[in-house]
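Remarks on the overall topology
Residues per chain, in single letters:
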Amino acid sequence: MSLPTTSRQWYFPKRGSFEDLRQRDDPIPPVKPTEVLVKTHAVSLQFRDLMLANQSYGGKVASPDDLVPCSDMAGEIIAVGDSVSGWHVGDRVCANFALDHVYGDVTPAIGLTALGGFVHGVLTQYRTFPAHSLVAIPNHLSYEEASTLPCAGLTAYNALNGPVKIKAGDTVLVLGTGGVSIFGLQFAVAAGATVITTSSSNAKLELARKLGATHLINYRETPDWDEEVMNITNGRGVDHILEVGGPGTLEKSMKAVRYGGSIHLIGFLAQTQTPLTRIVSRSVFKNLMLRGIIVGSVAQFNDMNRMLEANPEVTRPVIDKVFPFDQALKAYAYLQSQAHVGKVVIKVADSPVTAKI
């Protein structure tokens, strides 16, 4: 079967809202010797995708014209460059969030390879990738499930397996029931930790319980949730916090974490401001580790996948809803509504296509 020459894709002719997205057919560039061509089967959405659409993500990101959005995909290799080794036509793969983040720390140059922001993203039927940016999909996962791993899954894994690694017996607080938080819950349970989950919805909290959360806090019913966390932990505080609220929740998180504990800074969904002096003073006097998380590397992705394969049921990705490719705008709107638990996915393709060059 011959290779496709064009790719149907969503792109931004202008950016102000996700409603500015449009479709087009774009020529597929020739596969370079160190690249592979991948047929996209599924794409998952992040809160970052909404922010990039309205240009509120870290100011105005210097994106390419007519930006193709989204960073998280799962697909199938349909062509392999002449110099590529280790990958074959038919392999199921995900691309790393930052294409050149193979191992180690992020650098400014690596940051400029982040998909769907500084470079074109993955909401397209076909895309070439540098071979070094890919990881194999665990055999037990579908394309839709695997598409949730590159950002949400790897961010949670990086948070809990950084300089101070999670261990059995730890207590972990996850804020909310979005993609990163749900993965954090599952990974903590797999590690033998006790999990406390917060949400404004009792229905979402009940799902968190089914996934293994031991303690549930409705922060609308219990606005001083930090005090409740201290009660649950008998005044000790938690070992790890997946902090997705940012300015609006950080001060309470700093009260809820134990002395010498870790707060993993992941998002900024809540916008109430916390005075800087209180952040500094609590960090010093409680000997806290505040660590910013910007997803992870290919090496960490491979490590995470081995953990998923060792704990297949406990860590199976939670997908709230799957939308067809032509309904990408509805998928964005559903994500914006925050009605979801876990991940929102766009199904791009159905059947495998393979070809050799």
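For clarity, every value in this text was computed on a predicted model and none was experimentally measured.

What to know about the overall build of the chain
Helix and strand content of the chain: 11 helices and 15 strands. The globule rule puts the C-alpha radius of gyration for 357 residues at 21 Å, and the 20 Å found for the chain is close to it. C-alpha extents for the chain along the principal axes are approximately 65 × 40 × 40 Å. Relative to its full complement of 357 residues, the chain shows a buried share of 54%. The contacts in the chain between residues at least 6 apart in sequence include a share of 70% that link residues at least 24 apart. Once the 32 positive and 32 negative side-chain charges of the chain are each reduced to a mean point, those two points are 3 Å apart.

What about the pairing of strand β14 (residues 319-324)?
Judged from the five bridges that link them, β14 and strand β15 (residues 343-347) form a sheet pairing that is parallel. Residue pairing in the sheet places V322 in a bridge with V345 of β15. In this region the chain leaves β14, passes through helix α11 (residues 328-337) and returns to the parallel neighbour β15; the handedness of that crossover is right-handed.

Some points on the side chain of T40
Looking at the secondary structure, you find T40 in strand β3 (residues 35-44). A polar contact of 2.9 Å, which involves the side chain of T40, links it to the backbone oxygen of T124. Contact partners of T40, with chain neighbours within four places excluded, come to M73, A74, G75, V122, T124, Q125, Y126, V348 and A349.

A look at helix α7 (residues 225-232)
When we look at burial in α7, the residues that qualify are W225, D226 and V229. Buried residues of α7, viewed axially, fall in a sector of 105°; they line one side. Packed against the buried residues of α7 are β8 (171-175), β9 (194-199), β10 (215-218), β11 (238-243) and α8 (250-256). One or two residues past the end of α7 sits N234, with phi positive at roughly 55°.

A short note on the nonpolar core
One recurring pattern in soluble globular proteins is that nonpolar side chains are buried together. One finds V172, F187 and M304 to be the most contacted residues of the largest nonpolar core, which totals 43 residues. Only α3 (143-146), α4 (149-160), β8, α5 (179-190) and α10 (298-310) provide two or more residues apiece to this core. For this core, the element with the most residues is α4, which contributes seven residues. Contact partners of F187, with chain neighbours within four places excluded, come to G153, A156, Y157, L160, M304, M307, L308 and T315. V36, A53, V80 and W87 belong to the second-largest nonpolar core, a separate cluster that totals 35 residues.

Quick look at α11
Every buried residue of α11 is listed here: A328, A331, Y332, Y334 and L335. What you see down the axis of α11 is that its buried residues fit within an arc of 160°, all on one side. Taken together, the buried residues of α11 touch β1 (6-11), α1 (47-53), β14 and β15. In the segment just after α11, Q338 is the residue with positive phi, at about 60°.

So, the environment of G153
You can see G153 is positioned in helix α4. When the C-alpha positions of G153 and L242 are compared, they lie 13 Å apart, and in sequence the two are 89 residues distant. Those residues in contact with G153, other than ones at most four positions away along the chain, are T148, F183, F187 and M304.

A few points about the confidence of the model for the chain
Low pLDDT marks stretches whose predicted atomic positions should not be read closely. Per-residue pLDDT for the chain averages 93, and the proportion of residues at 70 or more is 94%. For the stretch residues 351-357, pLDDT sits under 50, and the model shows 26 contacts to residues farther than four places along the chain or on other chains.

Describing the pattern of salt bridges
All chains considered together, the criterion is met by 12 salt bridges. Between D25 and R8 there is a salt bridge, with the nearest N and O atoms lying 3.2 Å from each other. Of the two residues, D25 sits in strand β2 (residues 22-27) while R8 sits in strand β1, which places them 17 residues apart along the sequence. For K167, the salt bridge identified is with D170, shortest N-O distance 3.0 Å. For K167, a relative accessible area of 48% gives the class partly exposed. Taking relative accessible area as the criterion, D170 reaches 4% and is therefore assigned buried. Within this structure, E145, E313 and R316 form a network of salt bridges that share partners.

What counts, and at which threshold
- Residues numbered from 1 in each chain as written.
- Predicted model: local features only at pLDDT ≥ 70, side-chain atom pairs only at ≥ 80, totals over all residues.
- Heavy atoms only, no water.
- Helix = DSSP H or I, 4+ residues; strand = E, 2+ residues; numbered from the N terminus.
- Rg over C-alpha atoms; globule rule 2.2 N^0.38 Å.
- Buried < 20%, exposed > 50% of the residue type's maximum accessible area, 1.4 Å probe, protein only.
- Contact = heavy atoms within 4.5 Å.
- Lys, Arg positive; Asp, Glu negative; His and termini not counted.
- Charge placed at Lys NZ, Arg CZ, Asp CG, Glu CD.
- Pairing = 2+ DSSP bridges.
- Right-handed = clockwise from strand over helix to strand, strands pointing away.
- Polar contact = N/O pair within 3.5 Å; in protein donor to acceptor, adjacent residues only side chain to side chain.
- Arc of directions from axis to C-beta.
- Core = buried A, V, L, I, M, F, W, Y, C linked by side-chain atoms within 4.5 Å.
- pLDDT = per-residue confidence, 0-100.
- Salt bridge = Lys/Arg side-chain N within 4 Å of Asp/Glu carboxyl O.

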